[in-house]
Every structure is written in C-alpha cells, then in structure tokens.
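Results of the structural survey
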Amino acid sequence: MVKVLLIDGNYAVRRSHHATPDLTSPQGHPMGGLFGFLLQLGGLVQNESPEAVFVFWDGGIDPGRRAIFPGYKRRQKPDPRKEAERRLHAEDVERQIKIAAQEILPPLGIPSVRVMGVEADDAIHTARGLISRVAEVAFAIVSGDRDFWQLVDTTTVVLDLFRRDDFQTGTRVSLGSFKRVTGLRDPRQFLDLRTMTGDASDSIPGVRGIGPVSALKILDQVGSIGQALRHLDEVRALGKRFAGLVSLEGQERLARNRVLMDLALHSPSSEEIGGVKHALRGPIQPLDGQEISRVAISLGATQFAANLENWLGAFEDLFQRARGLRERLLNAGISRSLATARRGVA
C-alpha cells in the first residue's frame, strides 16, 4: 500500500500567515504564510516518504451549498473596520497562495489542484475517491480543518500540523486515536455532533439550544442522531434544553446541516472531476532545484532555501515515485470511475 499526501494548501498558508504576520519578502510583502507552508512541505516530504503529494486550493464557495442555505459562509453584519482588515489579510493570503501554486510547486514537481467554484475539501474528497480506484493507497490528509475528521477510516488519517508544538509531526487523527483526540467513538459520531452544533466558521447555525456539551450528552445516551430521532422520549427525558432537537425547526436544521457538511453527499460536477483528474495525471515539469532555490531566496524564504540542500534528495525521490503513480492513473482507465465519483462514494 502506497502513501499519498493530500495537502489543504489554503489552510496551511492562512494559518501560517496569521501566526507570523510580520514576516515579509525583501519587497515588503507579507510572506509568513508561504514560509510556514514551505517548511511544513519540506518536513512532510522528508519525514513521511510519500509516494505522491498533491496540494489543493480553494476555487471559491460551492454554489450548491449556497443554494441550499444562502447564509453559507456569509458574515453577519461585519464591523466595517474589521471587514477592511479581513479583506487586507485575505488579499495577502491569496497573493502567497498564487506564488506557491505558480512559482514554488511547479519546479518542485508537485501538482496543484484548483478548480473554480470548488472548495478544497470537496476536491480532496473527489481526488481520494479517484486515486483509491486505481491503487491501494494509505491517505494522509494534511489539514487542521476538522471537517476532514469525517473521512477518517482504515485507509485515511488526518494530520494536523498546528495542533501541537511539534511543527513537523503534529497530531495524527486515525481510527486508533479518534476517541483520544476527539472524545467520540468514530467519525460518524463526529459528523452527527457537527450536524447538531453547526459550524460557526462556515456560518452554519446548529440546532437551537444544542451546544457541544449537549450534543455529546445526546450521543453518549443514544449513540447517533438517527437513534435520537427514533427515541425522542429519551431525548426529552434529558431535559428542557434538548427540546430544540425534537422540534420541527430543529429537525429541519439537522437535515439541512447534514447535506451541507457530509462530504460523502457532495456530487462533483464534470468540471470538478475533469480539473481534479487533470492535476492528478499531470503533466508535471521535472524537478528543478536551482530554480526553486532562486525563487525562495528572491522571496526571502532563507530558512527553506538553507534546508533545501538537505531536502532535495527527498524531493527527487518523491518526484520519481510520483511518476509511477501518475502512469498508473493514466493507464488504469480512470474515466471509468467518474460515474461512481459523481455520487461522492469514497
């Protein structure tokens, strides 16, 4: 079984940018997000020894989710000053993402995946489904976005590099560690919890009166949302604060939130599948150590440039291994998997 890293590039650059906002290029542009991303990437390639690495970028807000819930990822009455600051940070992050995707990853021989109108987590889920149909793969999704916890299974772990002090190893969320890390028995329970509580980062409200503590109590008592809805008397017996779950409004929110949050229910468009497939299969330019060193130094990424000599062998090995996987993707009739992928089956 080969190992493939699926990296949530947006999350890595954004979190690194906010952690080190004062790091800049020689031209004075903020570069902390890019520098952090590059150091993580080098450490991952060296320490994880993957067969292939793919980096995913947000291509916009999913119009299907916005159609289901118009408030999806909309900020409510933002403060004008805070909104101006947020937009400035967003522009800084987008500038760094563009540099990573267009100037850094190509000479490293690492594919970028960005499909307009497709969110990175959806593209990662689609890619996982496509790759798993042509090879036996152990996936590591590199992200601190907890939405990915629902994808943990026997072949998939989630690696959060920001969850602990160790910048390069982080916390690995697997079936074996799921209870310890999350407090829940399995990934389906985590999806149930999020369905009840909502997701403030995506502006998705939960069931009225149900917070994380209440949701955990319900899951401890009955096991799942499905069980709760089949045993409403047990939920009522837990107390008045659980009344929202048995109300019509509460049950409508549960149904809506499940559709918004469950990645397995996402049905990729032909454009999404085509864009992801193209990135997975190449073409990819050969590794160019001199070019990546030149670009890194010009941006002021001196630590990455200094480490590059030690990491270059690992990147070269990765490039050779990844060629083999891409050839299998080209020769395995990946198009035959598209109908299944459109149904969101992983």
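Here, the structure is the one placed above.
So, a few notes on the structure that sits alongside this text. Keep in mind it's a predicted model, so treat the numbers as computed, not measured. (Residues numbered from 1 in each chain as written. Predicted model: local features only at pLDDT ≥ 70, side-chain atom pairs only at ≥ 80, totals over all residues. Heavy atoms only, no water.)

An α-helical turn contains 3.6 residues, so any two residues separated by three or four positions project in the same direction. The first and last C-alpha atoms of helix 12 (residues 248–261) sit 20 Å apart over 14 residues, in line with the 20 Å expected at 1.5 Å per residue. Those residues of helix 12 lying buried are Gly 250, Arg 253, Leu 254, Arg 256, Asn 257, Arg 258, Leu 260 and Met 261. Structurally, helix 12 contributes buried residues whose contacts are with helix 3 (63–68), helix 7 (187–197), strand 7 (198–199), strand 8 (204–205), helix 9 (225–230) and helix 11 (243–246). (Helix = DSSP H or I, 4+ residues; strand = E, 2+ residues; numbered from the N terminus. Expected span 1.5 Å × (residues − 1). Buried < 20%, exposed > 50% of the residue type's maximum accessible area, 1.4 Å probe, protein only. Contact = heavy atoms within 4.5 Å.)

Here Ser 49, not a glycine, exhibits a phi torsion of approximately 45 degrees, which is positive. Checked against the element boundaries, Ser 49 lands in the loop between helix 2 (32–48) and strand 2 (52–56). Given a relative accessible area of 47%, Ser 49 falls into the partly exposed group. The phi torsion at Lys 73 lies on the positive side, around 55 degrees, for a residue other than glycine. Take Lys 73: it is sitting in the loop between helix 3 and helix 4 (80–108). Accessibility expressed as a relative area gives 26% for Lys 73, which makes it partly exposed.

A word on the pattern of salt bridges. On inspection of all chains with the given rule, the structure shows 16 salt bridges. A salt bridge links Asp 62 to Arg 65; the shortest N-O distance between them is 3.4 Å. Overall, Arg 65 belongs to the buried group, its relative accessible area being 5%. Across the salt bridge formed by Asp 199 and Arg 194, the nearest N and O atoms sit 3.2 Å from each other. (Salt bridge = Lys/Arg side-chain N within 4 Å of Asp/Glu carboxyl O.)

Moving on to a nonpolar patch on the surface. On the surface, a nonpolar cluster with roughly 250 Å² of combined accessible area is contributed by Ile 68, Val 259 and Leu 265. Here Leu 265 is to be found in the loop between helix 12 and helix 13 (270–281). Under the relative-accessibility criterion, Leu 265 is labelled partly exposed at 48%. (Patch = residues over 30% accessible without salt bridge, like charges linked within 9 Å, V, L, I, M, F, W, Y side chains within 5 Å. Areas by Shrake-Rupley, 256 points an atom, 1.4 Å probe, with all protein chains shown as cover.)

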